[in-house]
Amino acid sequence: MIRRILALIWKEILAVMRDPKSRMSILLPPVIQLLIFTKAMTLDVKNVPIGILNRDNGEQAFELVQRFRGSPFFNRIVHLTSVEEIASFIDNQKGVMVVSIDEQFSRNLNSNRPAVVQLILDGRKSNTAQIVSGYSSTIIQRFNMDFAVKAGIRQQNAVLVPRFWYNPNVLFTWYNIPSLVCTLTMLACLVVTTQSVSRERELGTFDQLLVSPLVIPEILIGKTIPGILVGMLEGSLLLGLGILIFQVPFTGSLLLFFLSQFVFVCAISGIGLFISSLCSTQQQAMLGTFIFIMPSVLLSGFATPIENMPSWLQPITYLIPLRYMLVNTKGIFLKAMPAHIVLNNVWPMAIIAVFTLTVSAIFFRRRFQ
Amino acid sequence: MRDPSTILISIVLPIILLFLYGYGVSLDLDHLRIGLVMEDTAPDAQTLTKSFTDSRYFDVTIVRNRRELIDPITRGGIRGFVVIPSYFSDFRNRRGTTAPIQAIADGSETNTANFFQYYVQGAFANWLTQEAISDNLRGLPRVDVQTRVWYNEQLESRYFLLSGSLAIIMTLIGTLLTALVVSREWERGTMEALIATPVKTGEIIIGKVIPYFLLAQLSMVICVAVSVFIFGLPFRGSVLMLFVVTTAFLFSALGLGLTISTLCKSQALAYQIALVAGFLPAFILSGFLFEIFSMPVWIQMITYIIPARYFVQCLQTLFLVGNVWPLLLWNLVPMFLIGSLFFMITKYKTVKLL
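Residues numbered from 1 in each chain as written. Chains lettered and ligands numbered in written order. Predicted model: local features only at pLDDT ≥ 70, side-chain atom pairs only at ≥ 80, totals over all residues. Heavy atoms only, no water.

Let us look at the overall build of chain B. Looking only at helices and strands, chain B has 13 helices and 5 strands in total. Computed over its C-alpha atoms, the radius of gyration of chain B comes to 27 Å, more than 25% above the 20 Å expected for a compact globule of 354 residues. Along the first, second and third principal axes, the C-alpha set of chain B runs to 95 × 45 × 40 Å. Within chain B, the fraction of its 354 residues that count as buried is 58%. Pairs at least 24 apart in sequence give 78% of the contacts found in chain B among residues at least 6 apart. In the form shown here, chain B has an accessible surface area of approximately 14,600 Å², with 63% of it arising from carbon and sulfur atoms. Here chain B holds 26 positive side-chain charges and 23 negative ones, and the gap between their average locations is 8 Å. (Helix = DSSP H or I, 4+ residues; strand = E, 2+ residues; numbered from the N terminus. Rg over C-alpha atoms; globule rule 2.2 N^0.38 Å. Buried < 20%, exposed > 50% of the residue type's maximum accessible area, 1.4 Å probe, protein only. Contact = heavy atoms within 4.5 Å. Areas by Shrake-Rupley, 256 points an atom, 1.4 Å probe, with all protein chains shown as cover. Lys, Arg positive; Asp, Glu negative; His and termini not counted. Charge placed at Lys NZ, Arg CZ, Asp CG, Glu CD.)

The following block contains the structure:
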């Protein structure tokens, strides 16, 4: 039995690797995707174009404008000259924010009255708008503090000290790489598994497999293992790239990483087999894969955090293997996550794997009897 | 139309996607779970704690020892915590010392970590102001910040995500569906049969495109209706302009789909290329979720040839702002240019093959 399964696995590997096109399509895209996505998929906000309308000629307003100019966050600053320009500046998306300083600004400050700075933000980009306004508030607060010191006003003697654990410089790459490692592994593994069955279906060679001495569990094992191998290979390759090229620290245990990677890949090929047991053509299998990938990427916490979703939707995310793997990969990369937490995320994936593999075995059997 | 997968892509998939984007993808943090370590219980520390528990952004867990929070932050149960040290009120009331408060964010969730710090800062600033009032300290804060967010006063990320996601759905129908269906015709040889008839190449191309164009417009109508009536998205522009913009975008998306299918002629390959050249750029490089100006310059250059970039901008403007003529008209031009290029390639390739 082992020999028969091995023969089938070998055949599958040959089928994937013999064709140069599919060989490339397995190895090349994930690497390119890792390179481009890491740079492009960033919620990091920098080089923000903004406008400044300074209607005050005083010293204080000039000082505040200089602080905005000096910030590395805003490196494209347009100076507006009238209030009427604000609307067209924002409407045409020439910038995300306009800082508006009125005529009374310096005079108010110098005579100890509160002065007002208006921040006008483009609500079409609400995430960016919030980050930009948070950053501007920091600049203005520091301006306040320095001004108070200069004017000799007594200060509140309490100070907030912000710190970022696990990622002290708040680099988005450190977040992106671990997430992409498991997402791209999922894609590669899923495509290999679904395509291998549906292609044989369409070519009619799947029926030949069924009349061969192999029994259905053996066929399923033979169809799952290449997907698992590709997934493991892909995962290790991307892991290596992330550590060596992008210099993301790997603080946790490699053993735990590969353990959860293995269970994750098993769950994904189980799902792949399940999809292909439902489809009869290649086109249907592709669409099925797509319909599975979209929600699992969007709801896994990769694009946006799960806790932002409405509470009725959150339980659905428990069905998505990627959800657990994202927590584990990020944790093992950056947080040196201890074994008991890692294992807590591994067993749900194991259940998904066992369930999908069993169900697809039942489906295949029913179909061919 | 007889093929169920066509209906699946053009009607069912858009609605699923719209619901996913409408409910699932949200950047609004309303209930950030945080910890608060209260090593000090003096009145000062109590009022500070209250300013955190009163904030609508936080779900606060209060503990006495910071070790209790190590496990939750590693697990991802909380996204950060604030430490009020045991010497807090001592330092605050002594001259010449400053009382520190530590705000520790989980940097592995980078975007959330940034928001955590901004919200903590906001709550802290509120507390400072209140303390200043109760202590009769005059003149703090010196400069008031007034923030006005135009067109999206509540800062609902759903507003811009949903209008942007329409661009992705249209890419899917325009490019993926066309590429798949036409490449199947090539694969089966029915395309050659069609070309052998006296119908002109240009006419064949138009004949192939029109049904998908109508299908896409139909699904656009459904999507806009769902967004406006179910998700409560405002629509402030003109419907006619929306139609014009959609037409321009579909012109380029269908053109891309046709070009892919003409060049590949195999379904599997067409599917892969349609994903890589149509769907992924629309998702990542269109600026609908990830800011284009934050990307490296060489990636910014690539975004100029992606029609979805212009479409996303038009949609967000039409939904949230209204008719901003210069922006809308300038965005129409590149979409038409890209579309014409693709149609020219298709026509040239189809003729040459015979």
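Moving on, we come to the pattern of salt bridges. Residue and element names in this part refer to chain A. Summed over the entire model, instances satisfying the criterion amount to 14 salt bridges over all chains. The salt bridge involving D146 is made with R67; its shortest N-O contact spans 2.9 Å. With D146 in helix 6 (residues 126–151) and R67 in helix 3 (residues 59–70), the pair connects residues that are 79 residues apart, well separated along the chain. Look at D146 and you get partly exposed, because its relative accessible area is 34%. (Salt bridge = Lys/Arg side-chain N within 4 Å of Asp/Glu carboxyl O.)

Once that is clear, we can look at the pairing of strand 2 (residues 76–80) of chain A. Where strand 1 (residues 49–54) of chain A lies against strand 2 of chain A, 5 bridges are found, and the strand directions are parallel. Each residue of the ladder has a partner; that of A:P49, found in strand 2 of chain A, is A:R76. (Pairing = 2+ DSSP bridges.)

Our next topic: the environment of A:L43. When you line up the elements, A:L43 lands in the loop between helix 2 (20–40) and strand 1. Judged by relative accessible area, which is 9%, A:L43 ranks as buried.

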